[in-house]
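One letter stands for each residue in the lines below.
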Amino acid sequence: MKFETIGIVGAGQMGIGIAQACATAGLDVMLNDVDASALTRSVDRLSASFDRLVSKGKITSGEAAGAMTRVHAAPKLGAFAACDVLIEAATENVRIKQQILQGLDAVANPDAIVATNTSSVSITKLAATLADPSRFVGMHFFNPVPAMALVEVIRGMQTSDATFDATVVLAERLGKSAIQVKNAPGFVVNRILVPMINEAVFVLQEGCAGAEEIDAGMRLGANHPMGPLALADLIGLDTVLSIMEVIHRDLNDTKYRPAPLLREMVDAGCLGRKTKQGFYSY
């Protein structure tokens, strides 16, 4: 399959990162968000990100300018009819994702791949939203997208071989390493990573150690580049909680129950870096 234009719905941190990766790889990008002001801000943030890369000597000013010319704000989903791949990158809410996918299905070229960047929601369940679920696939990027090498390509029950194989090729086109994953709660990385973060919250909650000690222990004792609580703040505590809830519900195993402190912090609006307050202050 020939890839020229990628449509992305969701102009948050992940959507912007995916847009940057696509534009850097020479692909045209159509970027949409339900919030028009957020869409405008996202284009500005993307330009600032390229400017930082120029200042660090990672790319030239000409390369940055060229990449930005390939990014287009698309306030209406109708513009996505020209896209070869459409990626939903909205918040981890099943109902919201299904509504977006219904909208994409109504405008997408019949030959286009429709993908979701979900970190935990069932690919098979989301695929059922489309008239042709065989063209649906999971394409899970990691944050920050431009810097992280991995993409989980996730096959739902209905995903065709052609869709799956083409998505692996697209991930490689973006300079990513793809791992092939079957649909399962949390997939591979989050099935392992997020319960570890959740356990770190339990350790904090029980007073075994403070946040700094827990993170230092995992950085220095397990050689992790970032401690689990600082990582939770980076991911967003609401996203961590959402993933834990999906894994707990779908596997029906109490060992995956979310830590009460995690739920309480989300209820308090302390979501990490994006709210300037989580396990640490920013």
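Residues numbered from 1 in each chain as written. Predicted model: local features only at pLDDT ≥ 70, side-chain atom pairs only at ≥ 80, totals over all residues. Heavy atoms only, no water.

Caption draft 1: Region of the structure containing the pairing of strand 4 (residues 85-88). Alternating residues of strand 4 divide into V85 and I87 and L86 and E88, and every residue in both groups is buried. Two strands pair when backbone bridges link them, and strand 1 (residues 5-9) and strand 4 are joined in this way by 4 bridges, in the parallel orientation. By the bridge assignment for strand 4, G7 is matched with L86. As defined by bridge partners, strand 4 adjoins strand 5 (residues 113-116) across 4 bridges and the pair is classed as parallel. From the neighbouring strand, E88 faces strand 5, where its bridge partner is T116. For the segment spanning strand 4, helix 4 (residues 94-107) and strand 5, crossover handedness is right-handed. (Buried < 20%, exposed > 50% of the residue type's maximum accessible area, 1.4 Å probe, protein only. Helix = DSSP H or I, 4+ residues; strand = E, 2+ residues; numbered from the N terminus. Pairing = 2+ DSSP bridges. Right-handed = clockwise from strand over helix to strand, strands pointing away.)

Caption draft 2: Expanded view of the packing of helix 8 (residues 211-221) against helix 9 (residues 228-235). Helix 9 packs onto helix 8 with a crossing angle of 100° between their chain directions and a minimal axis gap of 7 Å. Viewed along their axes, helix 8 and helix 9 adopt a mutual orientation that is roughly perpendicular. Together, A211, I214, D215 and M218 of helix 8 and P228, L229 and A230 of helix 9 make up the contact between the two elements. (Axes fitted to C-alpha atoms, helices over the stretch in contact; angles between N-to-C directions. Parallel < 35°, antiparallel > 145°, perpendicular 65-115°, else oblique. Contact = heavy atoms within 4.5 Å.)

Caption draft 3: Local environment of the sheet that holds strand 2 (residues 28-32). One open sheet holds the 8 strands; their spatial order is 3-2-1-4-5-6-7-8, and the pairing between them is mixed. Either end of the sheet is taken by a strand with one partner, and the two such strands are strand 3 (71-73) and strand 8 (177-182). Within the sheet, the average angular offset between the axes of one strand and its neighbour, ignoring direction, is 25°. By the bridge criterion, 4 bridges tie strand 6 (residues 136-141) to strand 7 (residues 150-155) in an arrangement that is antiparallel. Considered in strand 7, the bridge of H140 is made with E152. The strands that helix 4 touches are strand 1, strand 4, strand 5 and strand 6; relative to strand 4, the one it contacts most, it runs at about 160°.

Caption draft 4: Seen up close, the side chain of T167. Relative to the helices and strands, T167 resides in helix 6 (residues 161-173). Ignoring sequence-local partners within four residues, the contact set of T167 consists of I113, V137, M139 and V153.

Caption draft 5: Broad picture of the UniProt feature "binding site: NAD(+)" (unreviewed entry) in the chain. UniProt's feature table lists "binding site: NAD(+)" (unreviewed entry) at G10, A11, G12, Q13, M14, G15, D33, E92, K97, S119, N143 and K274, given in the numbering used throughout. With residues up to four places along the chain from it excluded, the contact list for A11 reads I16, L31, N32, D33, A38, L39 and S42. With respect to the secondary-structure elements, S119 resides in the loop between strand 5 and helix 5 (123-127). Among residues more than four places away in sequence, those in contact with S119 are E92, H140, G186, F187, N190, T239 and I243. Side-chain polar atoms of S119 contact the side chain of E92, separated by 3.2 Å. (UniProt positions renumbered as here; feature names shortened; annotations may be inferred. Polar contact = N/O pair within 3.5 Å; in protein donor to acceptor, adjacent residues only side chain to side chain.)

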